[in-house]
Amino acid sequence: CSSSSQKPSFTMTRSLRLLARRCSSIVRLGTDDPRMSKVVIHRGVVYTSGQTAADAGDCVEKQTKSCLAKIDALLAEAGTSKSNALNATIWLKDIEADFKRMNGVWIEWVEADNKPTRATVQAAMARPSILVEIQVTAALPE
C-alpha cells in the first residue's frame, strides 16, 4: 500500500475504494491547488476540504446550497455520499444573523435517517464575501 494522488476529475473505482478502506494508504483527489487536496481518503474515511461559495452571491442560503452541492460532488468523486456522512463542521461569518437561514438549507439537504454529528461556529472568513464554509467527513460504503 502506498500514497496516491489523482486528478480532480478522477472517480474512485471499486478496487481503489477497497484499497483505500483496507490499507494504510492515503488517496488524494483534486490536488491541483498548491495549498491542499480537495479530498483525502484513508482507511475508509473520506475527508473533504472546506467548501465555500462566495460566487453564489451575498445570501447565506444560496452560499449554503452551493457549498452542499460541491460537497455532494466531492463525495461522489470519492465513491460515497451524504448517506455515509460521519461529521460536519460549519463556519459562519455571522452566526447570529445567518444560523437560522443556513440551518434551514442544511435540514433540506441532510437525510433524516443519516444525520452526521455537526458543529457550527462563528469565524472570520478568508474573504469578506464568504458567509459560510462547510467541511464533511464520510465513510466509504461497505
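See above for the structure.
Residues numbered from 1 in each chain as written. Predicted model: local features only at pLDDT ≥ 70, side-chain atom pairs only at ≥ 80, totals over all residues. Heavy atoms only, no water.

**Considering the overall build of the protein chain**
Keep this limit in mind: Secondary structure follows DSSP: runs of H or I at least 4 residues long count as helices, runs of E at least 2 residues long count as strands, and numbering of each begins at the N terminus. Only protein chains enter the area calculation, which uses a 1.4 Å probe; residues under 20% of their type maximum are buried, those over 50% are exposed, and those in between are partly exposed. Residue contacts are counted whenever heavy atoms from the two residues lie within 4.5 Å of one another. With residues, only the protein chains shown are counted as cover, and all accessible areas are computed by Shrake-Rupley using a 1.4 Å probe.
Within the protein chain, the regular secondary structure consists of three helices and seven strands. When the helices and strands of the protein chain are listed from N to C terminus, the series reads β-α-β-β-β-α-β-α-β-β. Here the protein chain holds 142 residues, and 41% of them are scored as buried. Relative to all contacts within the protein chain whose residues are 6 or more apart in sequence, the contacts with residues 24 or more apart total 65%. With the model as given, the accessible surface of the protein chain reaches about 7600 Å², and the carbon-plus-sulfur share is 51%.

**Thoughts on helix H3 (residues 95-109)**
Looking at H3, one finds that the buried residues are Asp98, Met102, Asn103, Val105, Trp106 and Trp109. Structurally, H3 contributes buried residues whose contacts are with helix H2 (60-78), strand E5 (85-92), strand E6 (117-122) and strand E7 (132-139).

**Some details on unusual backbone geometry**
Phi is positive for Arg43, close to 50°, though the residue is something other than glycine. With respect to the secondary-structure elements, Arg43 resides in the loop between strand E3 (39-42) and strand E4 (45-48).

**Quick word on the packing of aromatic side chains**
Where two aromatic rings form a pair, the distance of their centres and the angle of their planes describe that pair. Test applied: Aromatic pairing here means that ring centres of Phe, Tyr or Trp (its six-membered ring) are within 6.5 Å. Orientation follows from the plane angle: under 30 degrees is stacked, over 60 is edge-to-face, and everything else is tilted.
Using the criterion set out here, one finds one aromatic pair in the structure. Here the aromatic rings of Trp106 and Trp109 are separated by 5.1 Å at their centres, their planes lie at 50°, and the arrangement is tilted. In this pair, Trp106 and Trp109 are both assigned in helix H3, three residues apart and thus about one turn of the helix distant. Given the relative accessible area of 6%, Trp106 is considered buried.

**Observations regarding the nonpolar core**
Quick reminder of the rule: Throughout, nonpolar core names a set of buried Ala, Val, Leu, Ile, Met, Phe, Trp, Tyr and Cys residues whose side chains join them through atoms within 4.5 Å.
Of all hydrophobic cores here, the largest spans 28 residues; its most connected members are Ile41, Trp106, Val132 and Ile134. When residues of this core are traced back to their parent elements, those giving at least two are strand E2 (27-29), E3, H2, E5, H3 and E7. Examining the composition of this core, we find that seven residues originate from one element, H2, more than from any other. Leave out the neighbours within four places in its chain, and Val132 touches Gln51, Thr52, Val60, Gln63, Thr64, Cys67, Ile90, Trp91, Leu92, Met102 and Met125.

**A short note on the pattern of salt bridges**
Note the threshold: A pairing counts as a salt bridge when a side-chain nitrogen of Lys or Arg comes within 4 Å of a carboxyl oxygen of Asp or Glu.
The tally for this structure, following the rule as stated, stands at three salt bridges. With a shortest N-O distance of 2.5 Å, Arg35 and Asp33 are connected by a salt bridge. Asp33 sits in the partly exposed class, given a relative accessible area of 23%. Where Arg101 meets Asp98, a salt bridge forms, and the shortest distance between an N and an O atom there is 2.4 Å. One end of the pair is Arg101 and the other is Asp98, both in helix H3 and three residues apart, which spans about a single turn. Residue classification places Arg101 among the partly exposed residues on the basis of a relative accessible area of 38%. One continuous salt-bridge network, built from bridges that share partners, spans Glu61, Asp98 and Arg101.

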